[in-house]
Amino acid sequence: MGRMRVTFLGTGTSGGVPVPTCDCAVCVSEDPRDRRLRPSVWIEWPGASILIDTASDLRQQALRFRIRRVDAVLYTHAHADHVLGLDDLRVYNWRQRGPVPAYGSAQTLRRLGRTFWYAFEEDDGSGTVSPSVDRNSIDGPFELLGRRVVPVPLLHGSLPILGYRIGRFAYLTDVSRIPDESYALLHNLDLLVLNALRRRPHPTHLSLDQAVAEAQRIGARRTCFTHISHELMHRPTCAELPAGIELARDGLEIELEEAEP
């Protein structure tokens, strides 16, 4: 089926790293791997340029990584750090002369409609140009530009959200618990992306130890952690992780030889 490339556009939390007003060791670190924009990935395969989430820093990410097209967006959920870049899709509407298809759960798409009311309601008369997004509600696997996309149900605290599997790649962010039935969707992965917020427990995100345990249970050939807070410094944290598990960093590119599971 050809190759697929995954680029980490952002690996930080909702506030990003460094955190404004903070002078901790990570926030003042000179290691560029400790600078983290809001979480998102860019997935490319022949004929496709796909985002998972439109992070708050999308404009900055698009400039830094030279994203020339956005053929679709897969939304995990509707929290601000994952959706507030939606307005930055306007330039892709102009360049591509049409709406950008967006996929997500019915709940996520409804909440997008409330947050970005001006994009989905009738013209309010202001003359403002709004982003054009074609919402597509999903409740199971679907075909997208020649690949099969498998939504993976997850829990973010008590909020149901989605991860996504494409071939032997899976992206699971903002997870606090993986339902038992979702593990069956995660066999035989070459690359797993999973959130690991910090060392201390958190009610709506996996801690570092919990993420390691989940990664070992899933057993992907390579696991990269994302949605990382300013409590985890890149180099020493990676040094203590088991083989095959690492912290991702902004700008990390991984090439995958794609095949359907």
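Use the structure listed above.
A. Region of the structure containing the sheet that holds strand β11 (residues 191–195). Spatially, seven strands are ordered β7-β8-β9-β10-β11-β12-β13 in an open sheet, and the strand pairing comes out mixed. Unpaired on one side and paired on the other, β7 (142–144) and β13 (245–247) mark the two borders of the sheet. Each strand axis lies, on average, 25° off the axis of its neighbour in the sheet, ignoring direction. In this structure, strand β8 (residues 147–156) lies alongside strand β9 (residues 159–166), joined through eight bridges in antiparallel fashion. If you follow P153 over to β9, its bridge partner there is L162. On top of the sheet, helix α6 (residues 208–218) reaches β11, β12 (222–226) and β13; it is set at about 155° to β11, its chief contact.

B. Fine view of the state of the cysteines. Across all of its chains, the model carries zero disulfides by this definition. Here C24 is not cross-linked by a disulfide; its sulfur's nearest cysteine counterpart is in C27, at 3.6 Å. A relative accessible area of 23% means that C24 is categorised as partly exposed. Taking the relative accessible area as the measure of exposure, C27 reaches 7% and is therefore buried.

C. Just the side chain of S207, in detail. Checked against the element boundaries, S207 lands in the loop between β11 and α6. Residues in contact with S207, not counting those within four places in the same chain, are A196, R198, R199, R200 and P201.

D. Quick peek at helix α1 (residues 58–65). Taken together, the buried positions of α1 are L58, Q61, A62 and F65. Along α1, the residues classed as buried sweep out an arc of 100° about the axis, all on the same side. Of the residues in α1, the exposed ones pointing more than 90 degrees away from the buried face are R59 and L63. One or two positions beyond α1, positive phi appears at R66, with a value near 55°.

What counts, and at which threshold
- Residues numbered from 1 in each chain as written.
- Predicted model: local features only at pLDDT ≥ 70, side-chain atom pairs only at ≥ 80, totals over all residues.
- Heavy atoms only, no water.
- Pairing = 2+ DSSP bridges.
- Helix = DSSP H or I, 4+ residues; strand = E, 2+ residues; numbered from the N terminus.
- Axes fitted to C-alpha atoms, helices over the stretch in contact; angles between N-to-C directions.
- Contact = heavy atoms within 4.5 Å.
- Disulfide = S-S within 2.5 Å.
- Buried < 20%, exposed > 50% of the residue type's maximum accessible area, 1.4 Å probe, protein only.
- Arc of directions from axis to C-beta.

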